[in-house]
Amino acid sequence: MELKTYLVDPLYRNTFFIIITSISSAGFGFIFWMLAARFYPQEDVGVATALISSMGMLILLSKLGFDQSIIRFFPTRDKSRVLGTAITVTTLFGLVLGVLFIATVDIWSPGLHQVKDYALLYIAFLIANSVTAFIGAAFVALRKSEFYFLQSLLFGSRLLILIPPLVFLGALGIFSSLGLSFIIALIVSVFLLYRSGIHLSGLDQEFLLDSFRFSAGNYISGLLIAAPPSTILPILVLNILGAEQAAQYFIAYAIVMFLFLIPTSFTTSLFVEGGSHGEALKRNVLKSLAGIFALLVPAVVGLFVFGEYILGLIGPDYVAGLELVKVLAISSFFFSFSEVFIAIKKVQYGLKSLIVISAIIFILLLGSSYALMLQFGILGVGYAWILTYASIGIVVVLSMARRYVL
């Protein structure tokens, strides 16, 4: 009866589906990289992680903050025109970025020069990934997170494509299996979108003008927050420490993502309820913090206990990353407070504070990662996470205490 009560509550219901979506996505990701590590040479895994990270960085750059504006403006605008505008603008921008990246890859990352050989495939996967992500944001804004969960299950089809069909392609086989799963998910997502009564339309200039400031602020903030861990750092590790260390970092981060997804799931729902549907902010902030730590504490303990076993399942070469996994896991507690603070600022339209704290995280994380990596190797990246989010966490806790407790 108590579980049913929680699932009726919009914050917890949306969070529930976002969490199981995150868990399934991370689970599929874990199995995906475990299989890749077992069936592909470690060098191919390292190149593939950098290749996938580069696409993730382009997706991040092309969003322009519209993923957040969808959530913010869906309740008060024509949903078909809002989503159609967001997809049209970001797809065109993503296409331009993709072409520029491929043309200049020898400058930015010589280790990915082979992307030129399958440029059209790279662009197709990039667009499919981008459009599917925006439809997923629309499902969350509609409080239809169960469809968002279905998307993650469709992404799991990459496991069926990874082996044995594409092993002979090496790094391209790993990349293609992921890209084909994006296309499968896109086809089904469009069908579900139309069933939900949303039919994509052309540009809405009024929406573009009204949402410009909010989109721009969230774009800058999202870029600064999301770029380092999953896109810039893998490439940085590849260029400084080599392909094998890049693979070790990516696997460790993929495992710890299970922890990071707990606070991000709660804070996404916090933004939906507080920003789009006008729910009481203070009550939802406290509910979110309670839910985050109720799940995060046992999850971290479990990772400390079973971390070595999990890495061993992937492959004996990855067990060396256990200490990195533990350090990243500790940082998840501090990371949670920064995520809640960011959600609060989105609800309050506090774009200046949002950008400032995101910029500090970006500079601290990348700067300390580079410095500590040179001294401690791959473990230096973990130390950088602790340093960055502990510093930010202290400031955030003091700020929230003054507003919501004192």
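See the structure printed just above.
Quick summary incoming for the structure in this document.

Cut-offs and rules
Residues numbered from 1 in each chain as written. Predicted model: local features only at pLDDT ≥ 70, side-chain atom pairs only at ≥ 80, totals over all residues. Heavy atoms only, no water. 1 Å grid on protein atoms, 1.4 Å probe; cavity = no way out; pocket = protein on both sides within 12 Å on 5 of 7 lines; lining within 4 Å. Points joined across faces, edges and corners; volume = space filled by probe spheres on them. Helix = DSSP H or I, 4+ residues; strand = E, 2+ residues; numbered from the N terminus. Nonpolar A, V, L, I, M, F, W, Y, C, P; charged D, E, K, R; others polar. Axes fitted to C-alpha atoms, helices over the stretch in contact; angles between N-to-C directions. Left-handed = near helix turned anticlockwise from the far one by under 90°. Contact = heavy atoms within 4.5 Å. Salt bridge = Lys/Arg side-chain N within 4 Å of Asp/Glu carboxyl O. Core = buried A, V, L, I, M, F, W, Y, C linked by side-chain atoms within 4.5 Å. Buried < 20%, exposed > 50% of the residue type's maximum accessible area, 1.4 Å probe, protein only. Phe/Tyr/Trp six-rings, centres within 6.5 Å; stacked < 30°, edge-to-face > 60°. Parallel < 35°, antiparallel > 145°, perpendicular 65-115°, else oblique. Patch = residues over 30% accessible without salt bridge, like charges linked within 9 Å, V, L, I, M, F, W, Y side chains within 5 Å. Areas by Shrake-Rupley, 256 points an atom, 1.4 Å probe, with all protein chains shown as cover. Expected span 1.5 Å × (residues − 1). Bend = angle between axes of the 7 residues up to and from the residue.

1. Examining empty space enclosed by the protein
The full count for this structure, using the stated rule, is 2 cavities of 30 Å³ or more. Looking at the second largest cavity, its volume works out to about 50 Å³. Forming the boundary of the second largest cavity are Ile59, Ser62, Thr90, Thr91, Gly94, Leu95, Leu126, Ile127 and Ser130. When residues of the lining of the second largest cavity are traced back to their parent elements, those giving at least two are α3 (42-62), α5 (79-103) and α7 (119-141). No other element matches the 4 residues that α5 contributes to the lining of the second largest cavity. Taken together, the residues that form the lining of the second largest cavity break down as 4 nonpolar, 5 polar and no charged.

2. Topic: the packing of α3 against helix α10 (residues 171-195)
Between α3 and α10, the least distance of the axes is 7 Å, while the angle of their chain directions is 40°. Two packed elements cross with a definite hand, and for α3 against α10 that hand is right-handed. Residue-level inspection shows Asp44, Val45, Val47, Ala48, Leu51, Ile52 and Met55 of α3 in contact with α10, the latter providing Ala171, Ile174, Phe175, Leu178 and Phe182. Classifying every residue of the contact of α3 with α10 by side-chain character gives 11 nonpolar, no polar and 1 charged.

3. Re the pattern of salt bridges
Tallied over the full model, the rule gives 1 salt bridge. The salt bridge involving Lys63 is made with Asp67; its shortest N-O contact spans 4.0 Å.

4. As for the nonpolar core
Residues Trp33, Ile70, Leu83, Tyr122, Ile174, Phe175 and Trp385 are the most contacted members of the largest nonpolar core, which totals 123 residues. If one sorts the elements of this core by residue count, helix α12 (residues 243-276) sits on top with 17 residues. Setting aside chain neighbours within four positions, we find Tyr122 in contact with Leu51, Ser54, Met55, Leu58, Phe101, Ile102, Val115 and Phe175.

5. Concerning unusual backbone geometry
Of note in the backbone geometry, Leu64 takes a positive phi value of approximately 60° without being a glycine. Mapped onto the fold, Leu64 is located in the loop between α3 and α4 (66-73).

6. Some remarks on the packing of aromatic side chains
Overall, the coordinates contain 13 aromatic pairs when judged by the stated rule. Taken together, a centroid distance of 6.0 Å and an interplanar angle of 20° make the contact between Phe101 and Tyr122 stacked. Here Tyr122 lies in helix α7 and Phe101 lies in helix α5, a separation of 21 residues in the sequence. We classify Tyr122 as buried; its relative accessible area is 0%. Ring centres of Phe293 and Phe337 lie 5.3 Å apart, and the angle between their planes is 40°; this geometry places the pair in the tilted category. You can see Phe293 sitting in helix α13 (residues 281-314) and its partner Phe337 sitting in helix α14 (residues 322-347), a full 44 residues away along the chain. Residue Phe293 is classed as partly exposed on the basis of its relative accessible area of 23%. Three or more aromatic residues link up through ring pairs in this structure, and these residues are Tyr249, Tyr253, Phe260, Phe335, Trp385 and Tyr389.

7. Re the packing of helix α11 (residues 205-241) against helix α15 (residues 351-376)
Closest axis-to-axis distance for the α11/α15 pair is 9 Å, and the angle between their directions is 5°. Overall, the two elements α11 and α15 adopt an arrangement that is roughly parallel. For the contact of α11 with α15, a count of residues per class yields 23 nonpolar, 5 polar and 1 charged.

8. A short note on a nonpolar patch on the surface
The grouping of Val297, Val301, Phe304, Val305, Phe306, Tyr309, Leu313 and Ile330 at the surface amounts to a nonpolar patch, some 740 Å² of accessible area in total. Among the elements that make up the nonpolar patch, the one with the highest residue count is α13 (7 residues). One can find Val297 in helix α13.

9. Concerning the side chain of Asn129
Within the fold, Asn129 resides in helix α7. Not counting residues up to four positions away in its chain, the partners in contact with Asn129 are Met55, Ile59 and Phe182.

10. Details of the side chain of Ser336
Tracing the sequence through the fold places Ser336 in helix α14. The residues contacting Ser336, other than those within four sequence positions of it, are Pro263, Ile292, Phe293 and Leu296.

11. Points about the environment of Gly382
Mapped onto the elements of the fold, Gly382 is located in helix α16 (residues 379-404). Placed 23 residues apart in sequence, Gly382 and Ala359 show a C-alpha to C-alpha distance of 19 Å. Filtering out sequence-adjacent residues up to four positions away, Gly382 remains in contact with Leu324, Val327 and Leu328.

12. Concerning the environment of Gly136
By the secondary structure assignment, Gly136 is in helix α7. Judged by relative accessible area, Gly136 falls into the buried class, the value being 1%. Counting along the chain gives 14 residues from Gly136 to Leu150, while the straight-line C-alpha distance between them is 9.7 Å. Apart from the residues lying within four places of it in its own chain, the contact partners of Gly136 are Tyr148 and Gln151.

13. Digging into α13
The first and last C-alpha atoms of α13 sit only 42 Å apart over 34 residues, clearly below the 50 Å expected at 1.5 Å per residue. Of all bends in α13, the biggest is about 65°, found at Phe306.

14. Some thoughts on the environment of Glu323
Here Glu323 is to be found in helix α14. With a relative accessible area of 43%, Glu323 lands in the partly exposed category. A C-alpha to C-alpha distance of 31 Å links Glu323 and Ser176, two positions 147 residues apart in sequence.

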